Amino acid sequence: MGKQGLRYAVGISAESVGSKAIHMQFLTIPPGGRAFVHKHATHQTAIYALSGVSHVWHGEHLEHHSIVKPGDFFYIPPDVPHLPYNPSQTESVTAIIARTDPNEQESVILLPELESIHPATSD
């Protein structure tokens, strides 16, 4: 379980294989699930959606909204706040995530001050 409140299955990391510059993991967002608002300090994140449709609020004040469908690639620049969530009440979201931080959770910075911008029922 990550600081962000979601479950990850780590494949490649400093902790798992001694990686020096990259981290790769499998993410599942359960039906109705969402992360805590967070950012990854100084690290880029690349996401490839496998199944389900996720939504992501992103930007300094979570002012942008994107929908990520199976087969989509999604990029999050370093230090950009984001809030991924799964609006489906029946289908999980799965994705592969790669990050330039070789450590699993080191760069995660929670941003509780932004949580109220989009409450849990946000779509």
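The structure this text deals with has already been given above.
These figures come from a predicted structure and were not determined experimentally.

Rules used throughout
Residues numbered from 1 in each chain as written. Predicted model: local features only at pLDDT ≥ 70, side-chain atom pairs only at ≥ 80, totals over all residues. Heavy atoms only, no water. Core = buried A, V, L, I, M, F, W, Y, C linked by side-chain atoms within 4.5 Å. Buried < 20%, exposed > 50% of the residue type's maximum accessible area, 1.4 Å probe, protein only. Helix = DSSP H or I, 4+ residues; strand = E, 2+ residues; numbered from the N terminus. Contact = heavy atoms within 4.5 Å. Pairing = 2+ DSSP bridges.

## Comments concerning the nonpolar core
L6, L27, I47 and F74 are the most contacted members of the largest nonpolar core, which totals 15 residues. Elements that contribute at least two residues to this core include exactly β2 (23–29), β4 (45–51), β7 (73–76) and β9 (93–99). Looking at this core element by element, the count peaks at three residues for β9. In contact with I47, other than residues within four places in its own chain, are D72, F73, F74, I76, A95, I96 and I97.

## Concerning the pairing of strand β6 (residues 64–68)
Where strand β5 (residues 54–58) meets β6, five bridges bridge the pair, whose relative direction is antiparallel. Bridging across to β6, W57 finds its partner in H65. Connecting β5 to the antiparallel partner β6 that follows it, the hairpin turn spans five residues, and G59 within it adopts a positive phi of roughly 120 degrees.

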